[in-house]
Structure formats: structure tokens, C-alpha cells
Amino acid sequence: MMERRTQNENNPPENIPFNVEDSIFSSNLFLDGDGEVILTQTSDRLSWKSVESVLNGQDPSSCFGIELVSKSETTLRFSDIYSAEFIDWGLVHQAAFLGQSFEMYRFTIRGVQKSKTQPSVLVPSLYTFGLKDSQTCQMWVNRINDLLNRDAERPKNLLVFVNPKSGKGLGCKVWETVAPTFSQAKVKMKVTVTERAGQAIDMMSSITSRELSSYDGVVAVGGDGFFNEILNGLLLSRHKCSYPPSPTELNHPIENNGDGPVLDTNVDIRDPSDSGEDESPLLKQSTDLRTGDDSCQTEAEDDEFSFPNEKFRFGLIPAGSTDAIVICTTGARDAMTSALQIILGKAVCLDIAQVVRWKKTSTSKDEPCVRYAASFAGYGFYGDVITESEKYRWMGPKRYDYAGTKVFLRHRSYEAEVAYLEVESEKKNIGPEKESTGGWTKGLWSLLKKSERVACRANCNICKTKAGHTSAKCPSLQPYSKDSRWLKSRGRFLSVGAAVISCRNEKAPDGLVADAHLSDGFLHLILIKECPHACYLCHLLQLAKKDGNPLDFEFVEHHKTPAFTFTSFGKESIWNVDGELFQAHQLSAQVFRGLINLFASGPEA
């Protein structure tokens, strides 16, 4: 019989009939593997205690001096429960050492708990309760499911894309592992297993806004490149905003003294709120490449689904070669952890970079071509590795190691020009020690800089701070003041990289930039100047080291910026955008703070 609890939990419950409006109620049940317990429900959690411990004040973890280990936890928050199901008549076992079992009506509760060895990993937990009265069992199931259904953050209907060729070709196997968990959580799914490259981007770009609005999100089962396909399929047709300036808009004479970035004082960046939209070179008005309409005009009927969109979230279940996005947003490269965070409706904002190619080659006409990136865009070494690896797809993920070794031994540098928007807060951090070329002063600055690092973690205060420059319909670049200026750097570079997030992965435990955040509105521009082979090897070794310092070298420039432009002076120019090839002689990029929401909670400390 179910009872209302009106007294201290350490005392026997009063036999008062249950009222569904009560916020606290309990009943005596049998927990499979543990024995008889008092199960209590409050507004935010379930808890249970051994009947014997409640009546006699005994420690349920011991009996006659024998230590017993309970398989269960005594408290389970509703935020960690994803399923309650009545499973009819069957056996319920007593504590293992007693060896007794009884037949009764049963129901299960499925929840989530943290791994004891890896704090960012989530594992499913299962509790089976039994009672002779089927109505009471069903009442518990109904009550729990009613509370779970009230959680509006949890997805009810998802669009799922599975890439069978991602990583080691285990995309389908990974999905088969986690799919039952979605079914247990009563999440409806429309699943598509892709049959060709580009299928996901085609399907997402052609889906109507009406159909898209019927889903709570889209889930990619694959790697970072596959996630990039889905991201671009949605944003290319629906994200309406201004382009960053092209390199030709900043083509004023450059004084290159070879000692670092050169300040271009001829570029005036105005706050768009103080002038017409067309007066700011940073806010050049873009057009919809399909229709030619102004991008910030009122959307057509089929473009009502816009970004940012708080209701619609992206999900990523790792099955790729590196899975940097998953590692940075969940803290673990674990398919079940990602699946459980999706099911529980976790949400974190994610910055997205818009990369605009103005010229494909040096002789091409200006024809803007847009791509979006969630993790990284890189040129030089990064572009060469992705280009070389395409020749060895049959090797699987090992192709990146092989291609990386070949490119490293080749040690090619490229002449290019990079311009980036200066950030006032970063400018204040540049002191004489950093500008000095002395080794000891560089090391002193490095230690100071490292001590100031604030890594991105779950419930990150930096990421939770709302950006004043973000607009619901047309977010733009405004983390700068009216006095902001562009800095230019020209020379020979081994690589040019722009990290949206830290890009942590199994080969770079801290990522390219250890203190990069998921949603702070900045790109981390990393310029690796031409240097001896041994020096570049030291940089790569520091990347592969936990708590390494890959940016603390004289030949490395690291700039925090919301936007940059790039011009190559070579014949070919290949970029790596989230693991996908992108040929661009001239391009520019800008970041949109918190443009999308992801089913994730951020990495644990």
C-alpha cells in the first residue's frame, strides 16, 4: 500500500492513504538484489532505505559483521532518470548472500550515474522494484513518467543521421549500441543511414521549416566532418547575417618589418548602431546565394526556422577519427555518455565560425562561398595533412598519422598575409616582456599567461555570460569598441589555424588552445612562422603533452579575435574546415557567439 510521509524518515511511516497531490509520498517495496526498502518520492528525487535500517537503526551495509556492498544508490534525482516501465509478474531477488527470490509485480527505473573512474563518463543504471499489488506498481510508473514528461528540455522527437563509413566504419554498430536507450526513454526517431558523401547536407538543406520544427533536434552519429555536413546543411540555407570583410577591403599598404604584426591604422571600424549598415566594412551586407535577397530582411515563409534557435539542438554521438567536438563538449569520447546527455536534454551553447571564400584561386573572380565550422579551420600544415590523407582513406583513422608524418618531413612553408581584428582586452595584456625576444622574458610571460588560464568546464561562468552583441535574428561581431583596429601579419608560415574551441583529442589532451571556451565569442588565431625542423617538432611534441605549452615559442603567434582575413601568395591554397577540404586563395572568417545549442553539458573538471 502506498503511504504519505508526514514524519521523519527514520520513523515508520503512518498508514495514511496516498493522495496524488502530495509532494512527498512513499511505500514499502522490494528492490531486486537488496531486499525490502522504503521508496520515497519528493518533488525532485527518489530515495530509498532498507526497512531494517529504518526500524532498527542498523547500518544496511553490514550484517553480523559481514560488509555488504549494495548495487544501488540511495538517492536518484529526476534529472538523472530517463525511464520508468511496468514489466508485469516475475522474480525479485533478495540480497545476494540470502539467495532467496519471490514472484511479484515489477517495474524498472532507468537512470544515469557518473563513472567512478572517469568523472565525465556517464553510465546507465537499472533498478527493479517489486510488489504484490500491481496497481501500486503502475501508480509509481505513472507518477514518475508524469514528472519526466513535464521536463520540456528533454527531446521527444529527433532526426538522426548515421554515417556508416565514419572513423573505422563503425557508425552503424555505434548506433545499434545506443539506439535501445533512446527507445527506453520513449524518444521518437527518424533514422537515416547515409549512402554517399554529401547526402546529409543535401537532406538538411532541402528539408522544409515546417518539418524541421516538428523535431527537437538533429543527431549525427559519426565524426566531426559528418557533423559539419549537417551543420552546413542547416545554416547555409537559414542563417541570415552579414559577411565579414574581404581581404580586398583591407588592402591598404603594409609596412612589413618582419618582426611581427603590423598595425593598419587606415581601417576604421564603426559601431553599426551609429551609422548605416553599409558604412562598416566589417558588416558588409550578405545576400542569400539562392535567391539574392538581403540576408537580414524578413524571412520568407520557408525561412521562418532561424538561428540562434533555443528549442532546436544539435547532437553528436562519436564514431569518427578524432571526435574533438564531442571531447570538448562532453569531456569524454564515449557514445553512451553522448546518448544519455541527449536523452536528458542537456544543453550548452556553441560558437560557430563563418568562413567565407572570396577567391578560389589567384585568378578567380570574387564569388563568395560560405562554410561553417564548429571546431577548427586551418591552412598550411593542416591543409596539407587533410589533402594527403585523402589518398589513403583505405587506411582508416591511421591515415592521419601517416599523412601527418609525410607532411612534417616535407616541412613546407607558405607566403601569406593575415589580418585580424584587435581585441581591447588582449591588447592590455601585451607587455614589454611579451614583445621582447629574450628567451627568459618569453618564459616568464609564458608562466604568467599559463597561471591566468581558465579552462572551459560544465556550468562555465564565461560561457554562461550573455553576449551583449548577439541579436536573436542577426547576430554580428560586436565584442569590440569603436576604436578597434585591424592588425596585419605577412610572411612565410608553416601553418595558419583558427580554433573555435580547444580542439582536445586523444593525441592533443589539452587541445590546440587549452583555455578556449565553447561560447565566448572568440576565435583563437594561431600563426606558426617558418622555423627550423627541430623547433616545429618541439611545438608538436608540446601539443601531444598533457599540460604542455605549444604556444610558448618565438615562432608562434596566438591572437584572440572575433574575425580575420587571409590571402595566399602561392599557386594553391587548401584549407581544412572541420576535417573537410576547402580550397581558398582569399577568405575571411568571423565567429558567432552561441549560434547553436548542443545536447551536452560541458566537460567535467
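As shown above, the structure is provided for reference.
Residues numbered from 1 in each chain as written. Predicted model: local features only at pLDDT ≥ 70, side-chain atom pairs only at ≥ 80, totals over all residues. Heavy atoms only, no water.

(A) Representation of unusual backbone geometry. Of the consecutive residues Phe-307 and Pro-308, the connecting peptide bond is found in the cis state with omega at 0 degrees. Here Pro-308 shows up in the loop between strand 14 (262–264) and strand 15 (313–318). Non-glycine residue Lys-186 carries a positive phi angle of around 60 degrees. Mapping Lys-186 onto the fold places it in the loop between helix 3 (171–184) and strand 12 (188–193). Located in the positive-phi region is Asp-578, a residue other than glycine, with phi close to 55 degrees. (Helix = DSSP H or I, 4+ residues; strand = E, 2+ residues; numbered from the N terminus.)

(B) Region of interest: the environment of Arg-371. Residue position: Arg-371 is located in strand 17 (residues 369–373). Here Arg-371 falls in the partly exposed class, since its relative accessible area comes to 31%. For the pair formed by Arg-371 and Asn-232, sequence separation is 139 residues and the distance between their alpha carbons is 6.6 Å. With residues near it in sequence (within four places) discarded, Arg-371 still touches Asn-232, Leu-236, Ala-353, Gln-354, Val-355 and Phe-582. (Buried < 20%, exposed > 50% of the residue type's maximum accessible area, 1.4 Å probe, protein only. Contact = heavy atoms within 4.5 Å.)

(C) Seen up close, the packing of helix 3 against helix 8 (residues 335–343). At a minimum axis distance of 10 Å, the contact between helix 3 and helix 8 shows a crossing angle of 30 degrees. Looking at the two axes, helix 3 sits roughly parallel to helix 8. The chirality of how helix 3 crosses helix 8 is right-handed. The residues of helix 8 that touch helix 3, namely those facing Val-174, Thr-177, Val-178, Thr-181 and Phe-182, are Ala-335, Met-336, Ala-339, Leu-340, Ile-342 and Ile-343. Its residues assigned to classes, the contact of helix 3 with helix 8 comprises nine nonpolar, two polar and no charged. (Axes fitted to C-alpha atoms, helices over the stretch in contact; angles between N-to-C directions. Parallel < 35°, antiparallel > 145°, perpendicular 65-115°, else oblique. Left-handed = near helix turned anticlockwise from the far one by under 90°. Nonpolar A, V, L, I, M, F, W, Y, C, P; charged D, E, K, R; others polar.)

(D) Structural view of the packing of helix 4 (residues 199–206) against helix 6 (residues 224–238). It is at 8 Å that the axes of helix 4 and helix 6 come closest, and there the two elements cross at 25 degrees. As judged from the angle between their axes, helix 4 and helix 6 are roughly parallel. As for the relative orientation of helix 4 and helix 6, their crossing is right-handed in sense. For the pair formed by helix 4 and helix 6, the contact residues are Gln-199, Ala-200, Ile-201, Met-204 and Ser-205 on the first element and Phe-226, Glu-229, Ile-230, Asn-232, Gly-233, Leu-234, Leu-236, Ser-237 and Arg-238 on the second.

(E) Looking closely at the pattern of salt bridges. Within the structure shown, the criterion is met by 18 salt bridges. In this structure, Asp-146 engages Arg-150 in a salt bridge whose closest nitrogen and oxygen atoms are separated by 2.7 Å. Judged by its relative accessible area of 34%, Asp-146 is partly exposed. A single network of salt bridges, built from pairs that share partners, joins Asp-44, Arg-45 and Arg-77. (Salt bridge = Lys/Arg side-chain N within 4 Å of Asp/Glu carboxyl O.)

(F) Region of the structure containing helix 4. All of the buried residues along helix 4 are Gln-199, Ala-200 and Met-204. One side of helix 4 carries all its buried residues, which in axial view fall inside an arc of 125 degrees. Residues of helix 4 that are buried sit in contact with strand 11 (157–162), strand 12, helix 5 (209–212), strand 13 (217–222) and helix 6. (Arc of directions from axis to C-beta.)

(G) Up close: the environment of Gly-570. Along the chain, Gly-570 turns up in the loop between strand 23 (563–568) and strand 24 (574–577). Using a relative accessible area of 29% as the deciding quantity, one classes Gly-570 as partly exposed. Sequence separation between Gly-570 and Tyr-414 is 156 residues, and the spatial gap between their C-alpha atoms is 6.9 Å.

(H) Spotlight on the state of the cysteines. A full pass over the atoms with the stated rule returns zero disulfides. Counting only cysteine sulfurs, Cys-503 is the nearest neighbor of Cys-328, a cysteine outside any disulfide, at a range of 6.0 Å. (Disulfide = S-S within 2.5 Å.)

(I) Summary view of the environment of Asp-384. Mapped onto the secondary structure, Asp-384 falls in helix 9 (residues 381–389). The buried category is assigned to Asp-384, whose relative accessible area is 13%. Each C-alpha atom, one on Asp-384 and one on Leu-581, is 9.6 Å from the other, the two residues being 197 residues apart in sequence. Every residue in contact with Asp-384, bar those within four places of it in the chain, is listed here: Val-407 and Tyr-414.

(J) Molecular detail of the pairing of strand 10 (residues 122–131). Burial within strand 10 is extensive, with seven of its 10 residues counted as buried. Bridge analysis of strand 2 (residues 25–31) against strand 10 gives two bridges, and the strand direction is antiparallel. Bridging from a neighbouring strand, Phe-30 pairs with Gly-130 of strand 10. (Pairing = 2+ DSSP bridges.)

(K) Just the packing of aromatic side chains, in detail. Applying the stated rule across the entire model yields 24 aromatic pairs. Look at Tyr-243 and Trp-358: their rings are 5.7 Å apart centre to centre, the planes differ by 85 degrees, and that puts the pair in the edge-to-face class. Here the residue Tyr-243 occupies a position in the loop between helix 6 and strand 14, and Trp-358 occupies one in strand 16 (residues 348–359), the gap between them amounting to 115 residues. An identical accessibility class is assigned to Tyr-243 and Trp-358; each is buried. By way of ring pairs, the aromatic residues Phe-227, Phe-305, Phe-307, Phe-312 and Phe-314 are connected into one cluster. Between Arg-490 and the ring centre of Phe-569, over which it is positioned, the NZ or CZ distance is 3.9 Å. (Phe/Tyr/Trp six-rings, centres within 6.5 Å; stacked < 30°, edge-to-face > 60°. Lys NZ or Arg CZ within 6 Å of the ring centre and 35° of its normal.)

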